[in-house]
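Residues per chain, in single letters:
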Amino acid sequence: MSKPPSRPAPVLRTVDADDETIQRFAHGLRIAEALLFASPEPLAEETLARMLPQGVAVQAVLAELAALYHNRGVNLLRVAGKWMFRTAPDLGYLLRKESHEEKKLGRAALETLAIIAYHQPVTRAEIEELRGVSTNKGTIDALLEAGFIRLRGRRRTPGRPVTFGTTEAFLIQFGLDKVGDLPSLSELAGMGMAEPVLSTLAMPLPTDDPALRADEDPLEPDLFEAMFEQRLEEEAETPPLDPDGADMSADRENPPRPRPDPDG
């Protein structure tokens, strides 16, 4: 039976501090623990720091929590540059039957996702060139619907094709802190998540820098959304109508004079 990994020493016990400092740190620990447990999404260090008592370092609190939950049923992990609690990997099977069964991505979608992750920003034509086969539009749509990829911009080439990149949801789904933590393509092929031919491709250093590159232009505003907003503005400026359909704007500007009382 393998020996479990040693638990890191709790930060609080390794520093010299007076009772007041220890109590303030312990209170901050409880606050961060409660926020992380209650949040459905990973939390940034800046978000946690704003809620901690003054003088309590968020990095020390997170290190303490990571140590406390190192060998527990849930672990504190850093994903997508943020922090969240996740079920310990060796206990995941216990919850699998109770969880909602999500629609699995097919082989073509996984291969396309892998290419986008490693070669982003990448166009559909470049994806097809790397895979060696045409890419069905439904494959791209499935990845967009899952929230794993996004439209980045347009390539400065004839036709100005759209470029694709990964999202924060992609990092969270696969438990990654950054795209650079991705396994190699040969490892993906060994896990059956990609065709062996992909493992022979030259793999660039993965990066998901949101800044557009020199060969990318920003996406144009959505035409439908722009038309919808313009229509709302026009409706807001249109004067109201009375029940007979007449324009009441003139009545507001020049209200009718009251008629004299015949009995007055």
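Above this text is the structure in question.
Participant: Report on the overall build of the protein, specifying residues and quantitative values.
Facilitator: A tally of regular secondary structure across the protein gives eleven helices and six strands. Burial status across the protein gives 28% buried among its 264 residues. Considering only contacts within the protein whose residues lie at least 6 apart along the sequence, 57% involve residues at least 24 apart. Roughly 18000 Å² of accessible area belongs to the protein as shown, and the carbon and sulfur atoms make up 55% of that amount.

Participant: Report on the side chain of T112, specifying residues and quantitative values.
Facilitator: The residue T112 is located in helix α5 (residues 107-119) in this model. On the accessibility criterion, T112 (0% relative accessible area) is buried. Excluding its chain neighbours within four sequence positions, the residues that come into contact with T112 are I127, R131, T135, T139, I140 and L143.

Participant: Quick rundown of the pattern of salt bridges? Include the residues and the values.
Facilitator: A complete count under the given rule lists 13 salt bridges for this structure. Among the salt bridges present, the one from K137 reaches D141, with a minimum N-O distance of 2.9 Å. Here K137 and its partner D141 are both found in helix α7 (residues 137-146), four residues apart, which amounts to about one turn of the helix. Across the pair D215 and R155 runs a salt bridge, and its minimum N-O distance is 3.0 Å. Here D215 is found in the loop between α9 (185-190) and β6 (216-217), whereas its partner R155 is found in strand β4 (residues 149-155), with 60 residues between them in sequence. Overall, the relative accessible area of 33% leaves D215 in the partly exposed class. Counted as one network, the salt bridges with shared partners bring together E45, R78 and D177.

Participant: Can you explain helix α3 (residues 58-68)? Please cite residues and give values.
Facilitator: Residues of α3 that are buried include every one of V58, V61, L62, E64, L65 and A67, and no others. Buried residues along α3 sit against α1 (19-38), α2 (45-51), β1 (74-79) and β2 (82-87).

Participant: Please give an account of the environment of P183 that cites residues and values.
Facilitator: As for its position among the elements, P183 is in the loop between α8 (168-173) and α9. When the C-alpha positions of P183 and Y118 are compared, they lie 9.9 Å apart, and in sequence the two are 65 residues distant.

Participant: Report on a nonpolar patch on the surface, specifying residues and quantitative values.
Facilitator: On the surface, Y93, L94 and L95 cluster together into a nonpolar patch covering about 320 Å² of accessible area. Counting through the fold element by element, L94 comes out in helix α4 (residues 92-96).

Participant: Report on the nonpolar core, specifying residues and quantitative values.
Facilitator: Core analysis: the largest hydrophobic core is formed by 22 residues, its most contacted members being I116, I149, F170 and L182. The set of elements that each furnish at least two residues to this core consists of α5, α7 and α8. Beyond its immediate chain neighbours, meaning those up to four positions away, L182 contacts A117, Y118, F170, L176 and P206. A32, L36, L43 and L52 belong to the second largest nonpolar core, which has 16 residues in total.

Conventions used here
Residues numbered from 1 in each chain as written. Predicted model: local features only at pLDDT ≥ 70, side-chain atom pairs only at ≥ 80, totals over all residues. Heavy atoms only, no water. Helix = DSSP H or I, 4+ residues; strand = E, 2+ residues; numbered from the N terminus. Buried < 20%, exposed > 50% of the residue type's maximum accessible area, 1.4 Å probe, protein only. Contact = heavy atoms within 4.5 Å. Areas by Shrake-Rupley, 256 points an atom, 1.4 Å probe, with all protein chains shown as cover. Salt bridge = Lys/Arg side-chain N within 4 Å of Asp/Glu carboxyl O. Patch = residues over 30% accessible without salt bridge, like charges linked within 9 Å, V, L, I, M, F, W, Y side chains within 5 Å. Core = buried A, V, L, I, M, F, W, Y, C linked by side-chain atoms within 4.5 Å.

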